[in-house]
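Residues per chain are reported as follows:
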Amino acid sequence: MSARAQEANVWNHKPCAVVLTYDDAIDADLDNVLPALDSLGLKATFYLVGSSPVVANRMGEWRQAAHNGHELGNHSLYHPCDGSLPGRSFVQADDDLSKYTVNRAVREVRMNNVLLNAIDVQTKRTFAYPCGDLTIGSSYFYPGLRKDFVAARGVRSAMDSIGKVNLDNIDCYAMNGQTADQMIALVKEAMRTHTLLVFLFHGVGGGHNINVGLQEHSLLLHFLKDHEREIWIAPMVDVAEYVRTYQGRH
């Protein structure tokens, strides 16, 4: 029984872990998301695209967010996506990952790290693959960046036990139009299965064509806050470091 109890509380002495991630550095992150998180004392990860005007125009607010304990993650300098894939007509020619070399992709991501370090003075952070794209042609580009990051977040929908988390491509659930009940059901499943649940948000209360409602998001946050004793809620960099340490011991 004690071994089972230990296994059940493997996430920093809690049954499961939830990471809230927000992509693309949009105004809604600063206008809607951060006030909601800070009002409840919850910490999250914001994956910033270095070239976003919202980074340039609101740098002081991003710096304050980092100072308040949120992670500023790396979502690349220009958000290149593979334009050769179906449904990718939105990809601009200059930002077509399929036309990149691996070296160019690595250099741009590293340059974004320099920018992020200038904002938050942090040396450890995580990466999120733009559009979830892992390869250029048949070549994976993240191996060249592995030493630059604690981990990387992908886009595949799954909840993983601590021993099964792939730190090169952490699974997550992308939200688009879900109700609070639907999102809370995912949290309850993570609690039941003692797994890691990562949420991926874009717009919250608007600002992006991929969006969840402000009230739905708020209800999710309040559920998480109400169950803090059973859920470890932390930025991706903290959870990933914890997972790495755990996997190194087992």
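Description of the structure in this document. Counting from 1, residues in each chain are numbered in the order their sequence is written. In view of the model being predicted, local features appear only for residues whose pLDDT reaches at least 70, and side-chain atom pairs are presented and counted only at 80 or more, with totals across whole chains, interfaces and linings using the full set of residues. Side-chain numbers here rest on the full set of heavy atoms in the structure, without hydrogens or water.

A run of H or I in DSSP counts as a helix once it spans at least four residues, and a run of E counts as a strand once it spans at least two, with each numbered from the N terminus. Scanning the chain for helices and strands turns up eight helices and 12 strands. Radius of gyration means the value over C-alpha atoms here, while the globule rule gives 2.2 Å times the residue count to the 0.38 power. Taking 2.2 N^0.38 as the reference for a compact globule, 250 residues should give roughly 18 Å; the C-alpha atoms of the chain span a radius of gyration of 18 Å, in line with that estimate. Taking the principal axes of its C-alpha atoms as reference, the chain extends roughly 55 × 40 × 40 Å. Classification of residues uses two cut-offs on accessible area relative to the type maximum, computed with a 1.4 Å probe and protein chains only: under 20% is buried, over 50% is exposed, and between them is partly exposed. A buried classification covers 51% of the 250 residues belonging to the chain. Looking at the chain alone, contacts between residues at least 24 apart form 73% of all its contacts between residues at least 6 apart. Accessible areas in this description were obtained via Shrake-Rupley with a 1.4 Å probe; residue shielding takes into account the shown protein chains only. Accessible surface for the chain amounts to roughly 11,600 Å². Of this, 50% is attributable to carbon and sulfur atoms. One finds the centroid of the 23 positive side-chain charges in the chain at a distance of 7 Å from the centroid of its 28 negative side-chain charges. Whether two residues are in contact is decided by their heavy atoms: any pair within 4.5 Å suffices. For the purpose of counting charges, residues Lys and Arg are taken to be positive, whereas Asp and Glu are taken to be negative. His and the chain ends are not included. Charged groups are reduced to one reference atom each: NZ for lysine, CZ for arginine, CG for aspartic acid, CD for glutamic acid.

With that out of the way, let us pick up the pattern of salt bridges. By definition here, a salt bridge exists when the distance from a side-chain nitrogen of Lys or Arg to a carboxyl oxygen of Asp or Glu is within 4 Å. Applying the stated criterion across every chain, the model contains 14 salt bridges. Asp96 is paired through a salt bridge with Lys99; the nearest N and O atoms lie 3.4 Å apart. Looking at Asp96, the relative accessible area reads 9%, which means it is buried. Where salt bridges share partners, they join Asp27, Asp31, Arg58 and Glu61 into one cluster.

Time to look at the pairing of strand β1 (residues 16-23). Among the eight residues of β1, eight are classified as buried, and the element is accordingly described as predominantly covered. Burial along β1 is two-sided: the face carrying Cys16, Val18, Leu20 and Tyr22 and the face carrying Ala17, Val19, Thr21 and Asp23 are both buried. By the convention used here, strands pair only if DSSP detects at least 2 bridges between them. Bridge count between β1 and strand β12 (residues 231-233): three bridges; the pairing is parallel. Looking across to β12, one finds that Cys16 is bridged to Ile231. Relative to strand β9 (residues 196-201), β1 runs parallel, the two being bridged by six bridges. From the neighbouring strand, Tyr22 faces β9, where its bridge partner is Phe201. Sheet topology places β1 next to strand β2 (residues 45-48); three bridges connect them, and they run parallel. Residue pairing for β2: Thr21 is matched across the bridge by Thr45. As a crossover connection, the stretch from β1 through helix α2 (residues 27-40) into β2 is right-handed. With its strands directed away from the observer, a crossover is right-handed exactly when the path from the first strand over the helix to the second travels clockwise.

All right, on to the environment of Lys225 then. Here Lys225 shows up in helix α7 (residues 214-226). Classification of Lys225 as partly exposed rests on a relative accessible area of 29%. With 212 residues separating them in the primary sequence, Lys225 and His13 have C-alpha atoms 17 Å apart. Discounting chain neighbours no more than four positions away, the residues touching Lys225 are Leu40 and Leu42. Separated by 2.8 Å, the side chain of Lys225 and the backbone oxygen of Leu40 make a polar contact. Polar contacts, as counted here, are pairs of nitrogen or oxygen atoms within 3.5 Å of one another; within protein the pair requires one atom able to donate a hydrogen and one able to accept it, and residues that are adjacent in sequence qualify only if both atoms are side-chain atoms.

This part covers the packing of helix α4 (residues 59-67) against helix α5 (residues 102-120). Between two packed helices, what matters for the description is the angle formed by their axes and the separation of those axes. Interaxial distance between α4 and α5 falls to 8 Å at its minimum, and their mutual angle equals 75°. Overall, the two elements α4 and α5 adopt an arrangement that is roughly perpendicular. Here Met59, Trp62, Arg63 and Ala66 of α4 lie close against α5, whose contacting residues are Leu115, Ala118, Ile119 and Asp120. Each residue gets one label: Ala, Val, Leu, Ile, Met, Phe, Trp, Tyr, Cys and Pro are nonpolar, Asp, Glu, Lys and Arg are charged, and the others, such as Gly, are polar. Here the residues of the contact of α4 with α5 are counted per class, giving six nonpolar, no polar and two charged. An axis is simply a line fitted to the C-alpha atoms; with a helix, the fit covers only the stretch in contact. Between two such axes, the angle follows the N-to-C directions and lies from 0 to 180 degrees. We call two directions roughly parallel when the angle between them is under 35 degrees, roughly antiparallel when it is over 145, roughly perpendicular when it lies between 65 and 115, and oblique otherwise.

Take helix α8 (residues 236-249) next. Each α-helix winds once per 3.6 residues, and so residues spaced three or four apart point in a common direction. Under the convention used throughout, the expected extent of a helix is 1.5 Å for every residue step, that is, one less than its residue count. Here α8 is 14 residues long and its end C-alpha atoms lie 20 Å apart, about the 20 Å a rise of 1.5 Å per residue gives. Of all the residues in α8, the buried ones are Met236, Val237, Val239, Ala240, Val243 and Tyr246.

This paragraph deals with empty space enclosed by the protein. Both site types are read off a 1 Å grid over the protein atoms alone. A 1.4 Å probe that fits but cannot get out defines a cavity, while an open set with protein on both sides within 12 Å along at least five of seven lines defines a pocket; lining residues have an atom within 4 Å of a point. Grid points are joined across faces, edges and corners, and a volume is the space filled by probe spheres set on the points. Summed over all chains, the structure comprises one cavity of 30 Å³ or more. Computed from the structure, the largest cavity encloses a volume of approximately 60 Å³. Along the walls of the largest cavity sit Ser76, Pro80, Leu97, Ala105, Glu108, Val109, Phe127, Pro130, Asp133 and Phe141, which together make up its complete lining. Take the lining of the largest cavity: its biggest share by element is three residues, from α5. Of the residues in the lining of the largest cavity, the class split is seven nonpolar, one polar and two charged.

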